[in-house]
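# A structural walkthrough
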Amino acid sequence: MADRKYLYTERAHYMCPNMHFGIMAEIGKEFNEERLKESIEVLKTAHPLLVSLISEEKDTGKVFYEKQDDLRIPMVKGSDWQTDFDNVSKAGWNVQKDALLKVYVYPSTDSFEILFVAHHLLCDGRGLLMLMEEFAEYYSINVRPEFSEERLIESISDLPEGSDLGFMSKIIIKDANKKWGKENHKVRYEEYLKFEKEFDSRQNIMRNIMSFDGASLDKILSVCKDNGVTVNDYLIAKMMLDENTQKIIIASDIRTKVKNYNKGSLGNYASAFSVVVKKKHSDVIELTKSVRDEIKKILQSPQKEMLVLACYFTMDSGLLDAVPISTLGGFTSNAGKFVGSKMFGFEAREGYCITNLGRIKSSIINEAVFIPPASPANRKAWGVLTVNDKMRICSVASGH
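Figured I'd write up the structure that's included with this text. Chains are numbered independently. Their residues run from 1 in the order of the written sequence. It should be noted that, the model being predicted, local features are given only for residues of pLDDT at least 70 and side-chain atom pairs only at 80 or more, the latter also being counted only at that level, while totals for whole chains, interfaces and linings use all residues. Note: side-chain values were computed over all heavy atoms of the structure, leaving out hydrogens and water.

### Some points on unusual backbone geometry
You will see that N244, though not glycine, has its phi angle at about 55°, which is positive. Numbering of helices and strands starts at the N terminus; helices are DSSP runs of H or I of at least 4 residues and strands are runs of E of at least 2. By the element assignment, N244 lies in the loop between helix 7 (231–243) and strand 9 (247–253). Only protein chains enter the accessibility calculation, which uses a 1.4 Å probe; a residue is then buried when its area is under 20% of its type maximum, exposed when over 50%, and partly exposed in between. With a relative accessible area of 62%, N244 lands in the exposed category. The backbone of R349 shows a phi angle near 55°, a positive value even though the residue is not glycine. With respect to the helices and strands, the residue R349 is situated in the loop between helix 12 (334–342) and strand 11 (351–360). The exposure class of R349 is buried, given its relative accessible area of 12%.

Set out below in structure tokens:
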């Protein structure tokens with residue numbers, strides 16, 4: 001059907017564990033339960049994906065967002081955010097039956113904290129931050145968000161010119177597609193859900209928040225300005241030194257580069273790429289400068305910046321479903337295991353990742369924390385968000 005919104009790059013998040021993340025914000029207004037419910041209802045009218053579940057076409061195997069007339073977004077008075085977030089992980093997330101957003105609130109005397117937990121099929125981190133800001137503005141000062149019809153990335157032609165895969169990468173993926181076709185099977189979603197629950201029950205995920213404001217943040221900002229580097233460059237270098245690694249994967253917001261992005265739309269408008277510095281540095285600033293230079297080179301090449309998205313478009317969607325489960329041990333597929341181990345890091349599970357949502361100023365949101373996904377490919381991830389000159393880094397470490 002022409003009006004159906006199919007999963008393309010989002011398909012990579014469909015059958016992969018721990019594809020949820022969160023933003024915890026302190027709202028500087030008194031808590032009112034009715035006002036909370038009304039605010040969430042207003043968000044639902046502005047964003048069709050908030051009232052969609054995931055469905056599969058039986059004849060084609062295609063997967064799409066299906067709008068529901070009476071979908072309820074769960075709103076719960078939480079105990080503490082760490083426990084609530086862990087419980088989301090342990091319960092699993094059936095995206096064919098459960099809304100793609102969960103809301104937890106923590107009232108206090110004259111303010112309250114609110115936790116939005118989103119499935120990656122709903123949006124990327126920047127999209128969730130936008131949603132939180134829209135919530136805060138409506139809840140506090142009645143600013144209604146504008147309706148925004150999602151225009152998802154549907155083909156490689158929606159990406160910048162030159163984003164297509166290189167010759168060798170194309171051959172490798174097309175060969176994997178051919179092997180997958182010969183295997184002549186697929187992962188059923190029910191199988192995946194069973195695997196997800198078993199997998200999550202074995203994980204030992206630790207979350208920790210580091211705070212930088214006042215003098216500690218000023219020091220970082222000052223040293224970055226003096227050396228012509230960004231805070232993001234600095235944090236990547238810091239993680240490289242802390243974790244003794246030469247490679248960090250970072251998220252890249254591509255909203256301004258996607259041809260059909262509709263401002264305010266939910267969905268995924270992010271790519272990810274590896275920053276590799278092979279030369280040994282003991283000084284964080286010298287390493288930061290090398291990181292800056294590497295990132296500049298990557299951002300000048302759409303083929304490098306959009307590599308992971310081009311992979312998703314080239315790969316058979318059934319194979320994409322099978323990659324995590326076959327590599328992590330819940331389904332037998334040589335093609336899936338090859339892609340998962342050689343290309344996506346699900347076998348070694350040694351990845352290090354940073355997602356920085358940047359800086360915002362708000363008279364309503366006092367401060368906030370971005371909790372990144374605990375991807376099965378990563379050993380550690382940092383989620384960074386700066387609100388009103390308070391930078392919070394949420395470190396998520398997987399003990400496997």
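### Here's the deal with the state of the cysteines
Cysteine sulfur atoms that come within 2.5 Å of each other are treated as a disulfide pair. Applying the stated criterion across every chain, the model contains zero disulfides. Residue C224 stays outside any disulfide, its sulfur separated by 19 Å from that of C353, the closest cysteine.

### Describing the nonpolar core
If you look at the biggest cluster of nonpolar residues, it comprises 101 residues, and the most contacted ones within it are L101, I114, F116, L122 and F135. If one sorts the elements of this core by residue count, helix 3 (residues 125–141) sits on top with eight residues. When checking whether two residues touch, look at their non-hydrogen atoms; a contact exists if any pair is within 4.5 Å. Here L101 is in contact with L50, I73, P74, W93, F116, V117, A118, L122, L128 and L131, once residues within four sequence places are set aside. Nonpolar cores are built from buried Ala, Val, Leu, Ile, Met, Phe, Trp, Tyr and Cys residues. Side-chain atoms within 4.5 Å join them into one set. Residues I248, V291, I295 and Y352 belong to the second largest nonpolar core, which totals 27 residues.

### A word on the packing of aromatic side chains
Two descriptors summarise a pair of aromatic rings, namely the distance from one centre to the other and the angle between the planes of the rings. Pairing of aromatic side chains requires ring centres within 6.5 Å, counting the rings of Phe and Tyr and the six-membered ring of Trp. Pairs whose planes differ by under 30 degrees are stacked, by over 60 edge-to-face, and all others tilted. According to the stated counting rule, one finds 13 aromatic pairs in the structure shown. Measuring from ring centre to ring centre gives 5.6 Å for F116 and F135, while their planes differ by 65°; the resulting arrangement is edge-to-face. Residue F116 is located in strand 7 (residues 112–119), and its partner F135 is located in helix 3; the two are separated by 19 residues in the primary sequence. When sorted by exposure, F116 lands in the same class as F135, which is buried. Aromatic side chains Y261 and Y269 sit 4.7 Å apart centroid to centroid with 70° between the ring planes, which places their arrangement in the edge-to-face category. With a relative accessible area of 21%, Y261 lands in the partly exposed category.

### Some thoughts on the pattern of salt bridges
A carboxyl oxygen of Asp or Glu within 4 Å of a side-chain nitrogen of Lys or Arg is what we treat as a salt bridge. If you walk through the whole model with that rule in mind, you get 30 salt bridges. With its nearest N and O atoms 3.3 Å apart, the salt bridge here joins K194 to E198. Of the two residues, K194 and E198 both sit in helix 5 (residues 189–202), four residues apart, roughly one turn of that helix. Judged by relative accessible area, K194 falls into the exposed class, the value being 56%.

### So, the pairing of strand 6 (residues 101–107)
Extensive coverage of strand 6 is indicated by the burial of six of its seven residues. With the strands pointing away from the viewer, any crossover whose connection runs clockwise from the first strand over the helix to the second is right-handed. Read as a crossover between parallel neighbours, the route from strand 5 (residues 75–77) over helix 2 (residues 81–91) to strand 6 is right-handed. In this scheme, strands are said to pair when DSSP sees at least two bridges between them. Both strand 6 and strand 7 contribute to a ladder of seven bridges, which runs antiparallel. Along strand 7, the bridge assignment pairs V105 with I114.

### Things to note about the environment of G399
Position of G399 relative to the elements: it lies in the segment after strand 14 (390–398). C-alpha separation for the pair G399 and E113, spaced 286 residues apart in sequence, amounts to 28 Å. Ignoring anything within four residues of it in the chain, the contact list for G399 reads N204 and M206.

### So, the sheet that holds strand 14
Strand pairing within a sheet occurs via backbone hydrogen bonds; the two strands may be parallel or antiparallel. Taking strand neighbours across the sheet as the criterion, the six strands line up as 8-14-13-11-9-10 in an open arrangement whose pairing is mixed. The open sheet terminates on both sides in strands that have one partner only, identified here as strand 8 (205–213) and strand 10 (270–276). Across the sheet, the mean angle from the axis of one strand to that of its neighbour is 20°, orientation sign disregarded. Here strand 11 pairs with strand 13 (residues 378–387) via eight bridges, running parallel. Every axis in this analysis is a line fitted to C-alpha atoms, fitted for helices over the stretch in contact. Angles between the N-to-C directions lie between 0 and 180 degrees.

### Comments concerning the sheet that holds strand 3 (residues 52–56)
A sheet is described by the order of its strands in space; here three strands give the open sequence 1-4-3, paired in antiparallel fashion. At either end of the open sheet lies a strand with only one pairing partner, and these are strand 1 (5–6) and strand 3. The pairing of strand 1 with strand 4 (residues 63–67) spans two bridges and is antiparallel. Within strand 4, the position partnered with Y6 by the bridge is F64.

### Describing helix 6 (residues 215–226)
Working rule for helices: expected span equals 1.5 Å times residues minus one. In a regular helix each residue adds 1.5 Å, so 12 residues correspond to 16 Å; helix 6 covers 16 Å between its end C-alpha atoms and thus fits that length. For helix 6, the full list of buried residues reads L217, I220 and C224. One side of helix 6 holds all its buried residues, which, seen down the axis, span an arc of 60°. Exposed residues pointing more than 90 degrees away from the buried face of helix 6 are listed as A215, K219, K225 and D226. Of the residues one or two after helix 6, G228 is the one with positive phi, at around 65°. The arc in question is the one traced by the directions running from the helix axis out to the C-beta atoms.

### Topic: a nonpolar patch on the surface
On the surface, a cluster of nonpolar side chains totalling about 570 Å² of accessible area is made up of F167, M168, I171, I172, F338 and M343. Along the chain, M168 falls in helix 4 (residues 167–183). Residue classification places M168 among the exposed positions, given a relative accessible area of 51%. Each patch is built from residues lacking any salt bridge and having more than 30% relative accessible area; the joining distance is 9 Å for like charges and 5 Å for nonpolar side chains (Val, Leu, Ile, Met, Phe, Trp, Tyr). We get accessible surface area from the Shrake-Rupley algorithm with a probe of 1.4 Å; when it comes to residues, only the shown protein chains can shield them.

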